[in-house]
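Close look at the chain arrangement
Listed below, chain by chain, are the residues.
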Amino acid sequence: MTTTRSLTVAVDGMSCASCVKRVEKALRGADGVTGADANLAAGTATIGLSEGADPAAVVAALDAAGYPAVLEDLTFDVEAMSCASCVGRVERALRAVPGVVAASVNLASGTASVRVLEGAADASAIAEAATAAGYPATPRSDGDEAAAGRDERMAAEERALRRDVVVAAVLATPVFLLAMGGHVFPAAEAWLDGTFGHRTLLFVQFALTAAVLAGPGRRFYAKGVPALLRAAPDMNSLVALGTAAAFAYSAVATFFPMALPEGARHVYYEAAAVIVLLILVGRLMEARAKGRTGAAIRKLAGLRAKTARVLKDGAEIDTPIDRLAPGDVIRVRPGERIAVDGTVIEGTSFVDESMLTGEPLPVGKHPGDTVVGGTVNGAGSFAFTAEKVGAETTLSQIIRMVQAAQGAKLPIQALVDRVTMVFVPAVMAAAALTFVAWLAFAPAPALADALVAAVAVLIIACPCAMGLATPTSIMVGTGRAAELGVLFRKGDALQALHEVGVVAFDKTGTLTEGRPKLTDLVVAPGFLENEVLRLVAAVEATSEHPIALAIVAAARARGIDPAAAANFRSLTGLGVAATVEGREVRVGSARHLAGEGIALGRLEAAGDGLAKAAKSSVFVAIDGAAAAVVAVADPVRAETRTVVDALHGMGLKVAMISGDAKASAEAVAASLGIDHVVAGVMPDGKVAAVESLRESGRRVAFVGDGINDAPALAAADIGIAVGSGTDVAIESAEVVLMSGDLAGVLSAFEISRRTMANIQENLVWAFGYNVALIPVAAGVLYPAYGILLSPMLAAGAMALSSVFVLTNALRLRFAGSKRSSGASGAPATRRPRQTAERPVEA
C-alpha cells in the first residue's frame, strides 16, 4: 500500500472556476501527486503526495500552468556543524520535511536557508527535523503564521487593485464622457468637435484607452494571453480578447477608416476602457469580501501569545513562542495570555477560557490542572510545565481542522467542475458564433454590431461566480461553526449532515452528565437527613463503587465530613456494614436488611418508586432500624430535552443507543421524548444498532463521547463527538462539539442547512445568470425589441454577479444563535471535566 501525505499550497493567479480546473489538472500530472483539489476562495490547493515525492515537481507544474505556488523563505541558526558532511546531513534532513522545496546550509555562518510551500510546513517542524539529525536548529526570527502571510498577500492585492481602480477611473472617465456625453449634452459635444476637431478627440480617446489597457488592464493580458497560447483560456483570456477586439476595431476606425464599410466606422474606446474599470472594481469588491471569509482563521490565530516568560536557572527570560520546547517551565503573570498547553506546577489562579470554550466564568487552576494556550490568566500568578508546543497545541490543531474543512470540496462541487471544464472554450465558441451570425443575418453594415455582440458575450460570461459559489460558502460556514464551538473536521460533513434523517445519541456521558449523583434521600421518621448522610458516607468512604463515590461526594458538597468507620464488613451481593461512633450502620439492598430482620416500613414504597424512575437505590439501617433509602442516578443534562425537541422540530427522528439495562434506558428515553431505544449493547452492538437505523433508508448521525463510542462514530454516516469526551472518540468523528454542550448539535445542523442552502442559492444565481444573459448579450432580443447589450453593461453585470455570490456567502457569518457552546462568539476548545459536585436536593 502506497503511503501518501497531504500538503496545502497557496497558489497565485486563480481568478475563476476554469483556473481551478487547470490548477488541478496540472498538479495531478506532476510526478508523485496522487490527488489535488484547488480552492478558489482560499487561493490554495490541497495535494496528496506519494512517499518520497519531490515538492519541487509541484512547484514546476504550477509554474508551467501559469499559476505559481506561493513560496516562503525561512532562515535558521544551526549548531554543531563542523564540516561539509554535516552540511549535507542537515540539508537532507531539511529537504525530507513535507513542503520543503529547497534547502541550502552555510557552514561558515551556521545558517540554513529553506524555501517552503507557504502554509505546507511550519518553522517548528523544520527546526525539529534538523535537531533530530543531531544539529539543533532554531528559527532566526519568529516569523508570521501562514494565516498572517495570506492576510498580507490579500492586503497587498487589495492595495494594488485600489490603485489600479483609481488610475483606470481617472483615464476612463474622459473617454466615457467624450464618447457618451453627447447623448446627454449635445451642445457640449458640438462645442468640443468645433473646438478640437472630431479626429483629435478620437486620438485622445485612443491614447487614454491605450493607457488604461497598458496600465491597470495589463494584468488581464499578462495572464490571459499566456493562457491562450497554452490552449487553456481563463477569465483573463476572455477579458483580454474582448477589450483587445474593441480597442483594435476602434483603432482601425480611427487610423484606417477606409478599411471599414462606411456605416461601420464606429469606435468603442469607451467600452474597452470602462470594461477594465468595472472588472477591476468588481475584483476590488471581491478582494474585500474574500478577506472577510477568513475572519475565523484570523480570530483563531489572534489568540496566540507572541512570547512566554520561561524560568531558567532562577531567571525569567522572555522567549518567542516558536522557541518553546516541551518541558519548559513558564511563569504566567496576572492578565497575561497563556502561551502553550501544559500542567500547572505552582501557584493558583482563575483562567478566563471563554475565548475558547464560551464558558463565561473563569476556571480555577491549581497544581495538577491543565491550561490551554490562547486563554487569559486572571488576577493570580502561576507556573506551568509546557507539554504541547508549536503545531501540537490545542489551538494549532483547531486552526488546522478549520483550515482543512475550509479547503474541502463538497460532492455538489462535481457539477460545477464538469461545467467549468469546458465553459470558457464554449464561451469563446459562442462569441465566435455570435459574430458570424450577425455578419450573416443582420442587415448591412453589421460589422460593428457583430463586434459589440461578440465582445458582450465574452465579457458577460466570465465564470468567476461559478468558481466562488461553493468554496466561499464553505469557508464562511465552517468559520462561523468554529465561532459557535462546532468544528467540522472534514468539510464534506457539511453536506452529509444536511442529508441526515436520524440522530442517534449515546446515553451515558452524552445525554446524561456521565457521573452518578445522589438524587434522593428519603429518611424515616425520627431521623435527620444530614446525620444519616454523615453516617452513610463514613461507611462508604473506603469503597470505590460508583454509588459509594456519589454518596461521599454529596456529603462533602453539603459541608459534611464523614466520620471514621470501624469494623468494616463487605457482604458480597448484599451491601456493607460498619461501626461509626459506636452506632451500627448497614447500607445495602432490601434483601440484606430483611435478612437481618429489619422491617422497611414506608421506605419500601419509596424504594419501589425510585426503581421505576430508573434510579439505583440502597437502604440504610442504623442500630437495627430502617433509617433511609438513598437513590443515585446519572442526571440528564440540562439542555438535553431542549435539543431533542429542536431536532424533532427539524423533522428528524431521535434514537438512543446505550449499554445500560433496558428499563433504565427506556425510562430516560420516555422522559426525553426519544423515538427509538436500543439498550444493553456492547460497543460492537452500537455499530449494529447504527446499521439497523440506516435500514430505513435514512442517513444516520451518531453523537457520543466515550472510547466505546468510537466504533459507532466511525460507522455512522456522520459522527459527532462531544468535545468533553475522549481523544479516541474525537478522532473517529467528522464533527466535534468543542465545548461539550449538546446545544452544539443544533448549531451543527443549522450551519449545515444554512450553508447548503447558501451554496444552492449561489449556484442557481451563477448558472442562471449565464444561461439568461449570454443569449441577451448575443442579441437574441434585438430582432423583436431592438435591444443590444452594451459591453460596458455586460462588464458591470459580470462584476456584480461575483460580488453577489460573495456577499450572499458572507450572510453565513450571522448563522446560528449564540448558544452556550461557543456563546462568546469565539472558537471553542475542549477542557477537562470539573470534579466539583453541586449540593444534592434531597
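No experiment lies behind these values; they were computed from the predicted model shown.

**Notes on the overall build of the protein chain**
Counting its regular elements, the protein chain contains 30 helices and 28 strands. The burial tally for the protein chain puts 52% of its 842 residues in the buried class. A sequence separation of at least 24 residues applies to 71% of the contacts in the protein chain between residues at least 6 apart. Of the roughly 34600 Å² that the protein chain leaves accessible, carbon and sulfur atoms contribute 59%.

**With respect to the sheet that holds strand 20 (residues 575–580)**
Spatial ordering of the open sheet is given by 18-23-22-21-20-19, a layout of six strands whose pairing is antiparallel. Both outer strands of the open sheet, strand 18 (517–523) and strand 19 (565–571), are each paired with one neighbouring strand and no more. This sheet shows a mean twist of 20° between the axes of neighbouring strands, independent of strand direction. Contacting strand 18, strand 22 (616–622) and strand 23 (625–633), helix 20 (residues 546–557) crosses the sheet at an angle of about 100° to strand 23. Running at roughly 10° to strand 23, helix 22 (residues 603–612) makes contact with strand 18, strand 22 and strand 23 of the sheet.

**Details of a nonpolar patch on the surface**
Nonpolar side chains collect at one region of the surface, where F203, V252, F255 and F256 lie side by side and expose about 360 Å² of accessible area between them. You can see F256 is positioned in the loop between helix 9 (235–255) and helix 10 (269–293). Residue classification places F256 among the exposed positions, given a relative accessible area of 57%.

**Let's talk about the pattern of salt bridges**
Applying the stated criterion across every chain, the model contains 32 salt bridges. Note that R534 is salt-bridged to E581, the shortest N-O span being 2.8 Å. Pair noted here: R534 is in helix 19 (residues 529–540) and E581 is in the loop between strand 20 and strand 21 (583–588), with a separation of 47 residues, a long-range link. Exposure remark for E581: the relative accessible area of 51% places this residue in the exposed category. The salt bridge involving R569 is made with E584; its shortest N-O contact spans 2.6 Å. Note that R569 is positioned in strand 19 and E584 in strand 21, a separation of 15 residues in sequence. A residue is classified by how much of its surface remains accessible, and R569, at 23% relative accessible area, is partly exposed. Within this structure, R309, E316, D318, R331, R333, E336 and E346 form a network of salt bridges that share partners.

**A look at the sheet that holds strand 17 (residues 500–506)**
If you walk across this open sheet you meet the seven strands as 16-28-27-26-17-24-25, and the pairing is mixed. Strand pairing shows two members of the sheet lacking a second neighbour, strand 16 (486–488) and strand 25 (676–678), which therefore form its edges. On average, each strand axis in the sheet is tilted by 20° relative to the strand beside it, whichever way the strands run. Packing against the sheet, helix 28 (residues 743–778) makes contact with strand 16, strand 17, strand 26 (699–704), strand 27 (718–722) and strand 28 (735–737), and its axis sits at approximately 50° to strand 16.

**Observations concerning the UniProt feature "transmembrane region" (unreviewed entry) in the protein chain**
In the numbering used here, UniProt assigns the "transmembrane region" (unreviewed entry) feature to residues 165–188, 200–217, 238–260, 266–285, 419–441, 447–470, 763–782 and 788–810. The distance from the first to the last C-alpha atom of residues 238–260 is 25 Å, and the span holds 78% helix and 0% strand. Each end of residues 763–782 is marked by a C-alpha atom, and these two atoms are 28 Å apart; helix forms 85% of the span and strand 0%.

**Some thoughts on the nonpolar core**
Counting residues in hydrophobic clusters, the biggest one holds 136 residues, and the most contacted among them are F488, F505 and L647. Ranked by residue count, the leading element in this core is helix 28, at 13 residues. Of all hydrophobic cores here, the second largest spans 29 residues; its members include L521, I551, V585 and A627.

**Quick look at helix 24 (residues 662–672)**
Among the residues making up helix 24, those that are buried are S664, A665, V668, A669 and L672. In a view along the axis of helix 24, the buried residues occupy a sector of 130°, so they form one face of it. Facing away from the buried side of helix 24, by more than 90 degrees, are the exposed residues K662, A663 and A670. Those residues of helix 24 hidden inside the fold are in contact with helix 18 (507–511), helix 23 (640–649), strand 24 (653–657) and strand 25. Looking one or two residues beyond helix 24, the residue adopting positive phi is G673, at roughly 75°.

**Side note on the packing of aromatic side chains**
Counted according to the given criterion, the structure contains ten aromatic pairs. Ring geometry for F247 against Y269: centres 5.9 Å apart, planes inclined by 65°, an arrangement best described as edge-to-face. Of this pair, F247 sits in helix 9 while Y269 sits in helix 10, and the two are 22 residues apart along the sequence. A relative accessible area of 17% places F247 in the buried class.

**Notes on helix 2 (residues 55–65)**
Among the residues of helix 2, P55, V58, V59, A61, L62 and A65 are the ones counted as buried. An end-on view of helix 2 places all buried positions within 165° of arc, on one side of the element. One or two residues past the end of helix 2 sits G66, with phi positive at roughly 90°.

**What to know about the packing of helix 28 against helix 30 (residues 791–810)**
Two elements in contact, helix 28 and helix 30, have axes whose closest approach is 9 Å; the angle formed by their N-to-C orientations is 170°. Classified by the angle their axes make, helix 28 and helix 30 are roughly antiparallel. Between helix 28 and helix 30, the contacting residues are N758, E761, N762, W765, Y769 and L773 on the first element and A794, A797, M798, S801, F804, V805, N808 and A809 on the second. Counted by class, the contact of helix 28 with helix 30 contains nine nonpolar, four polar and one charged residues.

**Quick notes on the side chain of S658**
One can find S658 in the loop between strand 24 and helix 24. The class of S658 is buried, set by a relative accessible area of 1%. Excluding residues that lie within four positions of it along the chain, S658 makes contacts with K507, A665, V678, A679, G680 and V681.

**Thoughts on the packing of helix 1 (residues 17–28) against helix 2**
A pair of packed helices is characterised by two quantities: the angle between their axes and the separation of those axes. The geometry of helix 1 relative to helix 2 is characterised by a closest axis approach of 9 Å and an angle of 140° between their N-to-C directions. As judged from the angle between their axes, helix 1 and helix 2 are oblique. For helix 1 against helix 2, the interelement crossing comes out right-handed. From helix 1, V23, A26 and L27 reach across to helix 2, where they touch V58, A61, L62 and A65. Along the lines of polarity and charge, the residues of the contact of helix 1 with helix 2 split into seven nonpolar, no polar and no charged.

**Topic: the state of the cysteines**
Per the stated rule, a full pass over the model turns up zero disulfides. C16 carries a free sulfur, and the closest cysteine sulfur to it, the one in C19, is 3.5 Å from it. Note on C16: relative accessible area 0%, which makes it buried.

**Description of unusual backbone geometry**
With a phi close to 55°, D313 is a non-glycine residue in the positive phi region. Mapped onto the elements of the fold, D313 is located in the loop between strand 8 (307–312) and strand 9 (315–320). D313 sits in the exposed class, given a relative accessible area of 86%. Backbone geometry places D623, a non-glycine residue, at a positive phi of 55°.

**Section: the confidence of the model for the protein chain**
Across the protein chain, the average pLDDT comes to 81, with 86% of residues at or above 70. Here helix 27 (residues 727–731) is the element of the protein chain with the lowest mean pLDDT, 60, and strand 10 (residues 329–332) is the one with the highest, 94. Within the model, pLDDT remains below 50 along residues 818–842, and this stretch shows 89 contacts once partners closer than five positions in the same chain are excluded.

What counts, and where the lines are drawn
- Residues numbered from 1 in each chain as written.
- Predicted model: local features only at pLDDT ≥ 70, side-chain atom pairs only at ≥ 80, totals over all residues.
- Heavy atoms only, no water.
- Helix = DSSP H or I, 4+ residues; strand = E, 2+ residues; numbered from the N terminus.
- Buried < 20%, exposed > 50% of the residue type's maximum accessible area, 1.4 Å probe, protein only.
- Contact = heavy atoms within 4.5 Å.
- Areas by Shrake-Rupley, 256 points an atom, 1.4 Å probe, with all protein chains shown as cover.
- Pairing = 2+ DSSP bridges.
- Axes fitted to C-alpha atoms, helices over the stretch in contact; angles between N-to-C directions.
- Patch = residues over 30% accessible without salt bridge, like charges linked within 9 Å, V, L, I, M, F, W, Y side chains within 5 Å.
- Salt bridge = Lys/Arg side-chain N within 4 Å of Asp/Glu carboxyl O.
- UniProt positions renumbered as here; feature names shortened; annotations may be inferred.
- Core = buried A, V, L, I, M, F, W, Y, C linked by side-chain atoms within 4.5 Å.
- Arc of directions from axis to C-beta.
- Phe/Tyr/Trp six-rings, centres within 6.5 Å; stacked < 30°, edge-to-face > 60°.
- Parallel < 35°, antiparallel > 145°, perpendicular 65-115°, else oblique.
- Nonpolar A, V, L, I, M, F, W, Y, C, P; charged D, E, K, R; others polar.
- Left-handed = near helix turned anticlockwise from the far one by under 90°.
- Disulfide = S-S within 2.5 Å.
- pLDDT = per-residue confidence, 0-100.

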